[in-house]
Amino acid sequence: MDSYDDRGVGGGDGRVAGPDSGTLPTVPDPRTEPGPQPPPEPGPEPGHEPGPESGPRYEPKPRTVPDPRTEPEPRSGPGPGPRTGMAGLSFPYQVAAAVALAVIGLITCTQLAMVFLHVAPSNTVTKQHGKAIDEWVYPEFEQNWKLFAPNPLQQNIAVHVRAEIAGADGRRTTPWMNLSGEDGKAIRANPLPSHVQQNELRRGWDFYLGSHDNQNRPNGLRGNLSEQYVRRIVMLRLGEHDYGGTVERIQVRSEVRSVPAPPWSDEKISTKPSYRVLPWWTVTAADLPEGSADQKETDQ
């Protein structure tokens, strides 16, 4: 039997003969073969020597000319902007504004101080200057705390008056006039009613009731003062009406009605009026408003 060496299939070095040659191609070892090389950088062109200007060139951007129609005008200097408020006024107006603010501040502080002393407990200041405080507060800034009382007033009190007129046809007596009703109409029709319309007659009547007993007898000097005050208020109101004669005497009464219970309450309250009628008062010159024709004739 022939061996492989004898047939020329394989040599002693283990190589096998191929069809074209007597040896097989060698396979390169990947561990020893170098990897792919990067392409070579382009060199300088022939006939051109490298120099400092051979690098990349800088192309400048074209300059743009600003449009004067859209660009803001530059300021002449770094000065401040336009002045506002009082600083923007001229000097005389600044002085006038400062004086007005000072006067308003002084009046506000005085008002707060007077009202505080009026409602504060008795102290040294109120004892020495009580009259000045009362003259400042009454009647426009009177402080009434009945709104916060635990038992508020549950009655409607109206003051009525009638007069005895001496005219060309003799003496006659007018019907009862509701002075409180007139004040109520003036208040309801006025968005800013006067403090006098709201409190003059009411406070005057309270003053009279507090200084007289149930038989309408005064209980001191304040009783006589309250009577004179009510008589002057009544004559001032009667002077607004023309009765065709001279008022010789007046009579005042009060009508008291209890406030009815609300619809959701089961309380039964009588709303019938009760009256307190005062005696007739003869009108004197002291009861007439100042400047009236009747007072001038009486003085003469």
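Structure first, text after, so check above.
As a starting point, this report considers the structure included with it.

Criteria and cut-off values
Residues numbered from 1 in each chain as written. Predicted model: local features only at pLDDT ≥ 70, side-chain atom pairs only at ≥ 80, totals over all residues. Heavy atoms only, no water. Helix = DSSP H or I, 4+ residues; strand = E, 2+ residues; numbered from the N terminus. Buried < 20%, exposed > 50% of the residue type's maximum accessible area, 1.4 Å probe, protein only. Areas by Shrake-Rupley, 256 points an atom, 1.4 Å probe, with all protein chains shown as cover. Pairing = 2+ DSSP bridges. 1 Å grid on protein atoms, 1.4 Å probe; cavity = no way out; pocket = protein on both sides within 12 Å on 5 of 7 lines; lining within 4 Å. Points joined across faces, edges and corners; volume = space filled by probe spheres on them. Nonpolar A, V, L, I, M, F, W, Y, C, P; charged D, E, K, R; others polar. Polar contact = N/O pair within 3.5 Å; in protein donor to acceptor, adjacent residues only side chain to side chain. Core = buried A, V, L, I, M, F, W, Y, C linked by side-chain atoms within 4.5 Å. Contact = heavy atoms within 4.5 Å. Patch = residues over 30% accessible without salt bridge, like charges linked within 9 Å, V, L, I, M, F, W, Y side chains within 5 Å. Salt bridge = Lys/Arg side-chain N within 4 Å of Asp/Glu carboxyl O.

With that settled, the discussion passes to the overall build of the protein chain. What the protein chain contains, in helices and strands, is seven helices and six strands. From first element to last, N terminus to C terminus, the protein chain shows the α and β order α-α-α-β-β-β-α-α-α-β-β-β-α. Taken across its 300 residues, the protein chain has 19% of its residues classed as buried. Carbon and sulfur atoms make up 57% of the accessible area of the protein chain, which totals about 23900 Å².

Attention now goes to the pairing of strand β1 (residues 155-167). For a regular strand, the rule is simple: side chains alternate between the two faces of the sheet. As judged from the twelve bridges shared by β1 and strand β4 (residues 246-258), these two strands associate in the antiparallel manner. Paired with Val161 across the bridge in β4 is Val252. Sheet topology note: the β1/strand β3 (residues 177-178) ladder contains two bridges and is antiparallel. What sits directly across from Val161, in β3, is Met177.

The next subject is the layout of surface pockets. In this structure, the largest pocket encloses a volume near 610 Å³. Forming the boundary of the largest pocket are 23 residues, of which Leu153, Ile157, Ser180, Gln198 and Arg202 lie nearest the centre. Only β1, α4 (179-188) and α5 (195-210) provide two or more residues apiece to the lining of the largest pocket. Ranked by residues supplied to the lining of the largest pocket, first place goes to α5 with eight residues. Looking at the lining of the largest pocket residue by residue, the class counts come to seven nonpolar, ten polar and six charged. In this structure, the second largest pocket occupies an estimated 420 Å³ of space. Along the wall of the second largest pocket there are 13 residues; nearest its centre are Tyr138, Pro139, Glu142, Arg203 and Tyr229. Those elements that place two or more of their residues in the lining of the second largest pocket are α5 and α6 (221-238). The element contributing the most residues to the lining of the second largest pocket is α5, with eight residues. Looking at the lining of the second largest pocket residue by residue, the class counts come to five nonpolar, three polar and five charged.

Let us look at the side chain of His195. Mapped onto the elements of the fold, His195 is located in helix α5. A polar contact of 3.0 Å, which involves the side chain of His195, links it to the side chain of Asn199.

It is worth spelling out the nonpolar core at this point. Formed by 22 residues in total, the largest nonpolar core has its most connected members in Val161, Val234, Leu238, Val247, Ile250 and Val252. Looking at this core, the elements with two or more residues in it are β1, α5, α6 and β4. Dropping the residues within four chain positions of it, Ile250 is found in contact with Val161, Arg162, Ala163, Arg231, Val234, Met235, Leu238, Pro279, Trp280, Trp281 and Val283.

Residues Phe91, Val95, Val99, Val103 and Ile107 make up a contiguous nonpolar surface patch of roughly 470 Å² in combined accessible area. Structurally, Phe91 is set in helix α2 (residues 91-119).

Attention now goes to the pairing of β4. As paired strands, β4 and strand β6 (residues 281-282) are joined by two bridges and run antiparallel to one another. Of the residues in β6, the one forming a bridge with Arg249 is Thr282. One ladder, built from four bridges, connects β4 with strand β5 (residues 274-277); its direction is antiparallel. By the bridge assignment, Glu255 is partnered in β5 with Tyr275.

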